[in-house]
Protein chains: 2
Amino acid sequence: MTSTPDATTPAGGLDPAIAARLKRGADGLVPAIAQQYDTGEVLMLGWMDDEALHRTLTTGRCTYWSRSRQEYWVKGDTSGHVQHVKSVALDCDADTVLVKVDQTGAACHTGDRTCFDADVLPLHDS
Amino acid sequence: MTSTPDATTPAGGLDPAIAARLKRGADGLVPAIAQQYDTGEVLMLGWMDDEALHRTLTTGRCTYWSRSRQEYWVKGDTSGHVQHVKSVALDCDADTVLVKVDQTGAACHTGDRTCFDADVLPLHDS
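Residues numbered from 1 in each chain as written. Chains lettered and ligands numbered in written order. Predicted model: local features only at pLDDT ≥ 70, side-chain atom pairs only at ≥ 80, totals over all residues. Heavy atoms only, no water.

Under the annotation held in an unreviewed UniProt entry, chain A carries the name Phosphoribosyl-AMP cyclohydrolase and is attributed to Streptomyces californicus. In its Function (unreviewed entry) section, UniProt records this for chain A: "Catalyzes the hydrolysis of the adenine ring of phosphoribosyl-AMP." In the Subunit (unreviewed entry) part of its UniProt record, chain A is described as follows: "Homodimer." (UniProt positions renumbered as here; feature names shortened; annotations may be inferred.)

Let us look at the sheet that holds strand 1 (residues 30–36) of chain A. Spatially, 2(A)-1(A)-6(A)-5(A)-7(B) is the arrangement adopted by the five strands of the open sheet, whose pairing is mixed. Both edges of this open sheet fall to strand 2 (42–48) of chain A together with strand 7 (119–121) of chain B, since each of them pairs with a single strand only. Here the average twist between neighbouring strands, direction ignored, is 30 degrees. Pairing analysis gives seven bridges linking strand 5 (residues 83–90) of chain A to strand 6 (residues 97–103) of chain A, with the strands arranged antiparallel. Note on strand 6 of chain A: the bridge partner recorded for H84 of chain A is D102 of chain A. (Pairing = 2+ DSSP bridges. Helix = DSSP H or I, 4+ residues; strand = E, 2+ residues; numbered from the N terminus. Axes fitted to C-alpha atoms, helices over the stretch in contact; angles between N-to-C directions.)

To continue, consider the relation of the copies chain A and chain B. Expressed as a screw operation, the relation of chain A to chain B combines 0.0 Å of axial shift with a rotation of 180 degrees, fitting to an RMSD of 0.0 Å. The operation mapping one copy onto its partner corresponds to a two-fold rotation axis. Of the C-alpha atoms belonging to chain A, the one lying closest to the rotation axis is found on G40 of chain A, 2.4 Å away. (Least-squares fit on C-alpha atoms with pLDDT ≥ 70 in both.)

Quick look at the sheet that holds strand 2 (residues 42–48) of chain B now. What the five strands build is an open sheet, ordered 7(A)-5(B)-6(B)-1(B)-2(B); its pairing is mixed. This sheet does not close on itself; its edge strands, each paired only once, are strand 7 (119–121) of chain A together with strand 2 of chain B. Mean inter-strand twist for the sheet, computed between neighbouring axes without regard to direction, equals 30 degrees. The pairing of strand 1 (residues 30–36) of chain B with strand 6 (residues 97–103) of chain B spans five bridges and is classified as parallel. Opposite Q36 of chain B, over in strand 6 of chain B, you have V101 of chain B as the bridge partner.

Here you go:
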């Protein structure tokens, strides 16, 4: 585990009442949708464990678990493309997180505003 | 596997060029975000395998794989709360689907418009 952004935050600091409800996948993660709070754009989907959700709720910065790098990832720490957290909600099954954010610059590492801009699939009748 | 909505649609009918790019989880599924196409509301998150994505692209109706029931699920077939497909996109990593839909009625089985209406988590400073 990497060091916490706030050294006073204990690991596993997620509110036990939330942790008890959260339904994680086999890998201990839940999908987290980041949406621009005012325009409604769906920016990206990341993954959170309990600690990433805790940090997202308490630091004001959207924090994911990077499955490829196997470490916490504070969005924008490297790129400057920060996600300031406006609100966080669980879905009806408590197995998905929706984070409304104010996205600085591009959400996508390709430079696109969202991760869904570049690859629109063709619809066709069967 | 359940019978296809269109009996002429072969199983495994997803365009091979899309199937070759799609990055599935260990369970063979990708998360699929449903968003109301005009208001931008994030309605729900479901899961798709290749066949569910194929049906979503070709039938005009959003189709998921139900992890709890282990069967294909044409949204609205039971409830009448249909999702008419407006557009489908993959994200930059080809491991998430965004479906813009026109949602009839409530997206959530609880009767809420979206699955994220009822459980907003408190934000607080650490």
